[in-house]
Amino acid sequence: MGYAVTPQNSPVEICHFHGLQQPGPNCSSSKCSIVKVSTSHITCLIKCSRRSHSCLLWRVDDGSEKVVFSSRCGGLQGSVCIDRDESDQDEWRSSENHNPFVKRKFKEQISSKKLLNSLMSTLDGPFVRNNEETNNDILQKFCSNGKLNDASRLIEIMARQNQIPHFPSCINLVRGFLKVNELDKAAKVLQVMVMSGGIPDNITYNMMVRGLCKRGRIKSAIDLLEDMSLSGCPPDVITYNTIIRFMSDNGIIDQAVGFWKDQLRKGCPPYLITYTILIELVCKHYGTVRAMEVLQDIASEGCYPDIVTYNSLLNFNCKHGKYEDAALVIYNIISHGMEPNAITYNTLIHSLCNHGYWDEVDEILSIMKETSHPPTVVTYNILINGLCKYGLLDHAINFLDEMVSQNCSPDIVTYNTLLGALSKEQMMEEALQLFQFLGGSSCSPGLITYNTVIDGLTRSGDMKKAMWLYDQMLKNGICPDDITHRCLVWGFCRADQVEGAIEILRVMAERKHRVGNSAYKMVIHGLCESGKVYLAVQVLEIMVTSWCKPDETIYLTIIKGIADAGMKEEAKKLNQKLREWKVLSEKTLLG
């Protein structure tokens, strides 16, 4: 038996058949009935047809019968009438009488749906009765208290109630789920937020992209880029960098190149950082030649390399000592009409200095002096540092003189480098002369400068000058740190001036500077050897009050010092007492 559906506003005939009868090529009027329904209600009818509904049989004046499906729906408050001719009545009754299973099944479906709706209402609790503002207040409290699952459930309930959740809370919730690796829950909240009209920020989206990449779901991360653009938050440079780096980590560099080209075709801005990272990764995995090919390939998409990209490639090759590839990069820079800049030359000089290629360094310097990029203070600092590492102090000082003659003022890095090298070579007279010169220049000595010279003086055993410099440091308003004091403690101990070390230890304890056990051991050992056990006990007291736990070696050193001082009985009693206190273990032997 068939039915034709005709909307009230625009008649449309739709044949519908019941039972096992197949529709024929023609649908006669005797087999079809007409349903009249407003066009605006069709969508709502489709939705409501899946919910519970009732079927009523009505008698009309013309003797025919009508079946009315009463559908309860917020968007459709009415009934749909299906008109049948008399010729259809027997078939309808036959269907009703001979299909009790269908009627029973229909009732069971209604009952199960009612039970499901009742269960959902029970599970949702009081939230379904709250208005949007109340639920959002609860949502914010859940997020503030870290109740992520409760907040997520509330957002789902609000979505079913057509309520718009508090967007900042949604963002916090997404980030919270991502931090605990609950990626799917984060995605659900993000989807509800976007479907409700919210616009997530780049930080949240980038966290989502990173989470997908970590799970190996790179394709899902790429698909998310389109969602970002549609939601009003287009991908940024961090988004692209994240995907490209994870592609590289998974060994799919070619796909990374294809991905970037595809994004450029879609109108992505040619981010220089992303482009440079991609070329670096290609160079790392496939070499410089392949990187140059990719440069040309991507240039055809309107993304052109600049000197920054080439300098990045140059730096990579120089770090790995690949000077032939570095030469290829330089050739490409010049062949494309670009000029190497100061960073290009400094990168080369730094690498050549590290490998001790001084002739090549001189050649690069000569080229720089003929270009529009003469050596800078950074260039000279690289040179001086490299020469000092190789012990070529004379050459380093010559470059210092050259700097001054070229009106290139040395900075504090220049002086600290030279002072460190002079102190290491125990050339303290020259170091002090340079230090005095520094005091009269535009560069004032800093903490590192003082520590460098004090360390050199203590190593040479000149504690008098070291303490003089320490006093100058205080007068100039520069506060010593734990490095300063440790240098002095070790210096006093090496010079057999342990009393001076004790004073420094007291100062360090007052300023809460960290002192290692080794420094305390050295002081206590020196005092015990000289028979000054009482001072050793004082140092031990300083150590304990400074929350530095003495080990068994320190206690045994003091016990031995007491015994060596002729107080063997006292040493024995102290040893026994420490064992009772379990400071010393029973296995520990007194030497």
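Residues numbered from 1 in each chain as written. Predicted model: local features only at pLDDT ≥ 70, side-chain atom pairs only at ≥ 80, totals over all residues. Heavy atoms only, no water.

As for the overall build of the protein
1) Next: Looking only at helices and strands, one finds 29 helices and six strands in the protein.
2) Next: When the accessible surface of the protein is summed, it comes to about 33,200 Å², and 54% of that surface belongs to carbon and sulfur atoms. (Helix = DSSP H or I, 4+ residues; strand = E, 2+ residues; numbered from the N terminus. Areas by Shrake-Rupley, 256 points an atom, 1.4 Å probe, with all protein chains shown as cover.)

Some details on the pattern of salt bridges
1) Next: Considering all chains together, one arrives at 17 salt bridges under this definition.
2) Next: The shortest N-O distance in the salt bridge between K465 and E429 comes to 3.2 Å. Remark: E429 occurs in helix α21 (residues 428-439) and K465 occurs in helix α23 (residues 463-475); sequence separation between them is 36 residues.
3) Next: Residue K465 is classed as partly exposed on the basis of its relative accessible area of 31%.
4) Next: A relative accessible area of 46% means that E429 is categorised as partly exposed.
5) Next: Here the residues in one salt-bridge network are D254, R290 and E293, joined through shared partners. (Salt bridge = Lys/Arg side-chain N within 4 Å of Asp/Glu carboxyl O. Buried < 20%, exposed > 50% of the residue type's maximum accessible area, 1.4 Å probe, protein only.)

Considerations on helix α6 (residues 167-179)
1) Next: For α6, which comprises 13 residues, the first-to-last C-alpha distance of 18 Å matches the rise-based estimate of 18 Å (1.5 Å per residue) to within 8%.
2) Next: If you check which residues of α6 are buried, you get S169, C170, I171, L173, V174, G176, F177 and L178.
3) Next: Where α6 is buried, its residues meet α4 (132-144), α5 (148-160), α7 (183-195) and α8 (202-214). (Expected span 1.5 Å × (residues − 1). Contact = heavy atoms within 4.5 Å.)

Some remarks on the confidence of the model for the protein
1) Next: Per-residue confidence for the protein gives a mean pLDDT of 80; residues scoring 70 or more make up 78%.
2) Next: Scored below 50 in pLDDT, residues 1-98 makes 152 contacts in the model with residues more than four places away or belonging to other chains. (pLDDT = per-residue confidence, 0-100.)

Points about the nonpolar core
Most often, soluble globular proteins keep nonpolar side chains buried together rather than apart.
1) Next: Judged by nonpolar contacts, the single largest core of 148 residues is most densely connected at I243, W260, I349, V489 and V523.
2) Next: If near-sequence neighbours (up to four positions away) are discounted, V523 is found in contact with V489, C493, V498, A501, I502, L505 and V539. (Core = buried A, V, L, I, M, F, W, Y, C linked by side-chain atoms within 4.5 Å.)

What to know about the packing of helix α20 (residues 412-424) against α21
Geometrically, a packed helix pair is captured by the angle between its two axes and the distance between the axes.
1) Next: At a minimum axis distance of 8 Å, the contact between α20 and α21 shows a crossing angle of 160°. Looking at the two axes, α20 sits roughly antiparallel to α21. In terms of crossing hand, the pair formed by α20 and α21 is left-handed. Here I412, Y415, L418, L419, L422 and S423 of α20 come into contact with α21, specifically with M428, E430, A431, L434, F435, F437 and L438.
2) Next: Tallied by class, residues from the contact of α20 with α21 come to 11 nonpolar, one polar and one charged. (Axes fitted to C-alpha atoms, helices over the stretch in contact; angles between N-to-C directions. Parallel < 35°, antiparallel > 145°, perpendicular 65-115°, else oblique. Left-handed = near helix turned anticlockwise from the far one by under 90°. Nonpolar A, V, L, I, M, F, W, Y, C, P; charged D, E, K, R; others polar.)

A few points about a negative patch on the surface
1) Next: On the surface, D359, E360, D362 and E363 cluster together to form a negatively charged patch.
2) Next: By secondary structure assignment, the location of E363 is in helix α17 (residues 358-370). (Patch = residues over 30% accessible without salt bridge, like charges linked within 9 Å, V, L, I, M, F, W, Y side chains within 5 Å. Lys, Arg positive; Asp, Glu negative; His and termini not counted. Charge placed at Lys NZ, Arg CZ, Asp CG, Glu CD.)

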